[in-house]
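Residue-level listing of the chains:
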Amino acid sequence: MKSSILFPALLTTLALGVSACGDDSAKVPAAPPRPPLTPEQVTLAMAALPAPYDQADYENGRRVFARCRACHTVTEGGPNMTGPNLWGLFGRPAGRHEGYTYSKALQEADFAWDGDRLDHWLANPRTFLPGNKMNFPGVPDDQDRRDVIAWLKVETSPRQGAYP
Ligand code: HEC
């Protein structure tokens, strides 16, 4: 008696569940936040970087990035804010992150970001690309720049190999 009422109700619930899943698949889900690296993973990740970044101080890099956080996110699928999201920065052509409106100076820049270019950009954003709209005085200390670039190399890339 009872099961003849419950069974159709169960089928309806299942069907609703399936169709709700189908709707969700249209959206691209944001990547889940990554757990912080363990100290062992930090050591491995830093050692894998090219010189001089393999000598950098990851913790100091994280602290220096506090100066950038008001305007930039670094996670995969993270939002653009005043400045563009920086996921996948290294090797990415300057001024091309999707959904962000760059200044003409950055739109017309004809290079891909690497450690060297980022070092010049962060030493003095105004003179590196005149007319850009990053309203930031720069990071004057050489060591701070090395550290924040190393931190960015680790945090804006997929974790693979020795430190998944
Ligand atoms: C006050 C906000 C602000 C701060 C603070 C800031 N930025 Fe930016 N950043 C911007 C804006 C705005 C742009 C886009 C510039 C343009 O289009 O001319 C930008 C662009 C960039 C780009 C170029 C990205 C691309 O896709 O080509 C990099 C790299 C970058 N910032 C790194 C940093 C780092 C690292 C720091 C901290 C040391 C920092 N920024 C601090 C606002 C900021």
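The structure under discussion appears in the preceding block.
Here the structure is a predicted model, which is why all the values come from computation and not from measurement.

Surveying the vicinity of the ligand reveals 27 residues, the closest of which are Cys 68, Cys 71, His 72, Ser 103 and Met 134. Between the ligand and the protein, one listed contact pairs an oxygen atom with a side-chain N or O atom of Tyr 102 at 2.6 Å. When atoms are counted within 2 Å of each cavity's grid points, the one that captures over half of the ligand is the largest pocket. The residue inventory of the shell around the ligand, partitioned by class, reads 17 nonpolar, seven polar and three charged.

We now examine helix H7 (residues 142–155). With 14 residues, H7 should reach 20 Å at 1.5 Å per residue; the first-to-last C-alpha distance of 20 Å fits that figure. In terms of residue burial, H7 counts as a mostly covered element, since 12 of its 14 residues are buried. Considering only its buried residues, H7 is in contact with helix H2 (39–47), helix H3 (58–64) and helix H5 (115–123). Where H7 begins, the capping side chain belongs to Asp 141, and its oxygen is found 3.0 Å from the backbone nitrogen of Gln 143.

Empty space within the largest pocket amounts to approximately 510 Å³. As for the largest pocket, its lining consists of 28 residues, and the residues nearest its centre are His 72, Gly 83, Pro 84, Trp 121 and Met 134. Among the elements of the structure, H5 and H7 are those that each provide at least two residues to the lining of the largest pocket. A per-element tally of the lining of the largest pocket places H5 first, with three residues. Partitioned by chemical class, the residues of the lining of the largest pocket number 18 nonpolar, seven polar and three charged. Quantified by volume, the second largest pocket comes out at close to 390 Å³. Considering the residues around the second largest pocket, the lining is formed by 21 residues, among which Arg 34, Pro 35, Thr 75, Glu 155 and Arg 159 are closest to the centre. Contributing elements (two or more residues each) for the lining of the second largest pocket: H3 and H7. If you tally residues by element for the lining of the second largest pocket, the top one is H3, at three residues. Its residues placed into classes, the lining of the second largest pocket shows 12 nonpolar, three polar and six charged.

The rules we used
Residues numbered from 1 in each chain as written. Predicted model: local features only at pLDDT ≥ 70, side-chain atom pairs only at ≥ 80, totals over all residues. Heavy atoms only, no water. Near = heavy atom within 4 Å. Polar contact = N/O pair within 3.5 Å; in protein donor to acceptor, adjacent residues only side chain to side chain. 1 Å grid on protein atoms, 1.4 Å probe; cavity = no way out; pocket = protein on both sides within 12 Å on 5 of 7 lines; lining within 4 Å. Sits in = over half its atoms within 2 Å of the grid points. Nonpolar A, V, L, I, M, F, W, Y, C, P; charged D, E, K, R; others polar. Helix = DSSP H or I, 4+ residues; strand = E, 2+ residues; numbered from the N terminus. Expected span 1.5 Å × (residues − 1). Buried < 20%, exposed > 50% of the residue type's maximum accessible area, 1.4 Å probe, protein only. Contact = heavy atoms within 4.5 Å. Points joined across faces, edges and corners; volume = space filled by probe spheres on them.

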